[in-house]
Amino acid sequence: MRVTFLGTSGAVPTTRRNTSALLVNRDGDRLLFDCGEGTQRQMMRFSTGFAVDHVFVTHCHGDHVLGIPGLVQTFDFNDRERPLAIHAPHGTRGGIEDLVHAAGNDPSFPVRINQVGPDEVVLDRDEYEVRAVRTDHRTNAVGYAVVEDDRKGRFDREKAEEELGISPGPKYSKLHRGEPVEHDGRTVEPEEVVGPPRPGRRFVYTGDTRPTDAVAAAAEDADLLVHDATFASDWADRAKETAHSTAREAAAIADRAGAKRLALTHISTRYAGDHSPIEREAREHFDGDAWIPDDGDRFDVPFPDDGTGDESAD
Ligand SMILES: [Zn+2]
Ligand SMILES: [Zn+2]
């Protein structure tokens, strides 16, 4: 699961940071979260690939959606035929439709607008799902959690081969799939050589939000939480007025959730010259890794365990 930060600026772009967008590539599935103006060009610059079938919009403020018209029109120029799904909070269908059809555009490929509410499963795949998370902004808004299913337990090849005398072959894959096998005149149960299921990864992207209980719950043990950190505490009042979070508030949520890593984003232009107060504050209040990614930064989200032993038993 690779995350590419495409836009990390709040409200307006700067020369160094574009407005909000983030791309998750999970085994070739490209999931685009928010689509600020110029996102398509960021995708080219940072080589994420263009084969996006799902866009997840957190809310309809311009700095999160104004890239949709350009992206859709480029897909059209490229003779796209595959359908595109745009997931967005309830009450935003009209706004998204206007963006899709901006400047008289009439895409020749199907565009499905799917309105979503908190706790709904937005996308259900074989090995993971994307859920909407309740957030608190000045308009209809949701965050999103990418939650992987548990993985198969670790296969103890040494025990299978040396203690039980089963040679590598089809019996290994059967056992790893959870099926018993006959060997040496007895039944070998999978539990003898396969460990307990291991948790998959959890990634949470809040979009713009005040700190909320729902985000803390969704980000429980998250391997990466990307949280609104528009301001440092010197602008805490402003954060409240505009329904954003300070770095300290984002850090408190990450801490409560037991998240492993916190990426701070949607940085106000007030900190364009020096964003160190935001990073410093988050690190004071959160023990895990906390940082402000730059546009174009990539992060490979590791498994909760070290990820080794993933090779199949075949
Ligand atoms: Zn915003
Ligand atoms: Zn907003």
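Because the structure is predicted, anything quoted here is derived from the model rather than measured. (Residues numbered from 1 in each chain as written. Chains lettered and ligands numbered in written order. Predicted model: local features only at pLDDT ≥ 70, side-chain atom pairs only at ≥ 80, totals over all residues. Heavy atoms only, no water.)

We now examine the overall build of the protein. When helices and strands are counted, the protein shows ten helices and 16 strands. Overall size of the protein, expressed as C-alpha extent along the three principal axes, is 70 × 50 × 35 Å. Each of the 314 residues in the protein was classed as buried or not, and the buried ones make up 52%. For the protein, restricting intrachain contacts to residue pairs at least 6 apart in sequence, the fraction spanning at least 24 positions comes to 64%. (Helix = DSSP H or I, 4+ residues; strand = E, 2+ residues; numbered from the N terminus. Buried < 20%, exposed > 50% of the residue type's maximum accessible area, 1.4 Å probe, protein only. Contact = heavy atoms within 4.5 Å.)

Following the UniProt record, the feature "binding site: Zn(2+) 1" (unreviewed entry) maps to His59, His61, His137 and Asp208 here. What stands out for the annotated residues spanning 150 residues is how close their C-alpha atoms remain, the widest pair being 10.3 Å apart. Tracing the backbone shows His61 in the loop between strand E4 (52-56) and helix H2 (62-65). In this structure His61 touches His137, Arg138 and Thr139, once residues within four positions along its chain are discounted. Looking at His61, its side chain comes within polar contact range of the side chain of His59, at 3.2 Å. You can see His137 is positioned in the loop between strand E8 (128-134) and strand E9 (142-148). (UniProt positions renumbered as here; feature names shortened; annotations may be inferred. Polar contact = N/O pair within 3.5 Å; in protein donor to acceptor, adjacent residues only side chain to side chain.)

Among the nonpolar cores identified, the biggest contains 30 residues, and Leu225, Leu262, Leu264 and Ile278 are the most heavily contacted of them. Residue assignment for this core shows that the elements contributing at least two residues are E9, helix H7 (213-218), helix H9 (247-257), strand E14 (261-265) and helix H10 (276-285). Take this core: its biggest share by element is six residues, from H9. The next biggest cluster of nonpolar side chains, apart from the first, holds 25 residues, and it includes Met1, Val3, Tyr128 and Val301. (Core = buried A, V, L, I, M, F, W, Y, C linked by side-chain atoms within 4.5 Å.)

This part is about the pairing of strand E5 (residues 84-89). Across the six residues of E5, six count as buried, placing the element largely inside the fold. Examined bridge by bridge, E4 and E5 share three bridges and lie parallel to one another. Counted as the bridge partner of Val55 is Ile86 from E5. Two strands pair when backbone bridges link them, and E5 and strand E6 (residues 111-116) are joined in this way by six bridges, in the parallel orientation. Paired with Leu84 across the strands is Val111, a residue of E6. Taken together, E5, helix H4 (residues 93-100) and E6 form a β-α-β motif whose crossover is right-handed. (Pairing = 2+ DSSP bridges. Right-handed = clockwise from strand over helix to strand, strands pointing away.)

Attention shifts here to the packing of aromatic side chains. Per the stated rule, a full pass over the model turns up nine aromatic pairs. Taken together through their ring pairs, the aromatic side chains of Phe33, Phe56, Tyr144, Phe203 and Tyr205 make up a single cluster. Here the basic side chain of Arg80 rests over the ring of Phe109, its NZ or CZ set 5.4 Å away from the ring centre. Over the aromatic face of Trp235 sits the side chain of Arg270, whose NZ or CZ is 3.6 Å from the ring centroid. (Phe/Tyr/Trp six-rings, centres within 6.5 Å; stacked < 30°, edge-to-face > 60°. Lys NZ or Arg CZ within 6 Å of the ring centre and 35° of its normal.)

What follows covers the coordination of the zinc ion (ligand 2). Each protein donor to the zinc ion (ligand 2) is listed here as His59 (NE2), His61 (ND1), His137 (NE2) and Asp208 (OD); together their distances run 2.1 to 2.3 Å. Geometry at the zinc ion (ligand 2) is irregular, judged from the four donor atoms that bind it and their angles of 87 to 169 degrees at the metal. Between the donor residues of the zinc ion (ligand 2), the gaps in sequence give the motif H-x1-H-x75-H-x70-D. Taken as a pair, the zinc ion (ligand 2) and the zinc ion (ligand 1) show a spacing of 3.5 Å, with Asp208 coordinating each metal. Remark: Asp208 occurs in the loop between strand E12 (202-205) and H7 and His137 occurs in the loop between E8 and E9; sequence separation between them is 71 residues. No difference in accessibility class separates His137 from Asp208, as the two residues are buried. (Donors = N, O, S within 2.8 Å, 3.2 Å for Na, K, Ca; no water. Tetrahedral: all angles 85-135°; square planar, octahedral: opposite > 155°, others 65-115°.)

Turning our attention to the coordination of the zinc ion (ligand 1). Taken together, the protein ligands of the zinc ion (ligand 1) are Asp63 (OD), His64 (NE2), Asp208 (OD) and His266 (NE2), with distances of 2.1 to 2.2 Å. Between the four donor atoms coordinating the zinc ion (ligand 1), the angles at the centre fall across 85 to 172 degrees, so the site counts as irregular. When the donor residues of the zinc ion (ligand 1) are listed from N- to C-terminus, their spacing reads D-H-x143-D-x57-H. You can call Asp208 buried: its relative accessible area is 2%. Under the relative-accessibility criterion, His266 is labelled buried at 4%.

On the surface, a cluster of negative charge is made up of Asp156, Glu158, Glu161, Glu162 and Glu163. Inspection of the secondary structure puts Glu161 in helix H5 (residues 157-163). (Patch = residues over 30% accessible without salt bridge, like charges linked within 9 Å, V, L, I, M, F, W, Y side chains within 5 Å. Areas by Shrake-Rupley, 256 points an atom, 1.4 Å probe, with all protein chains shown as cover. Salt bridge = Lys/Arg side-chain N within 4 Å of Asp/Glu carboxyl O. Lys, Arg positive; Asp, Glu negative; His and termini not counted. Charge placed at Lys NZ, Arg CZ, Asp CG, Glu CD.)

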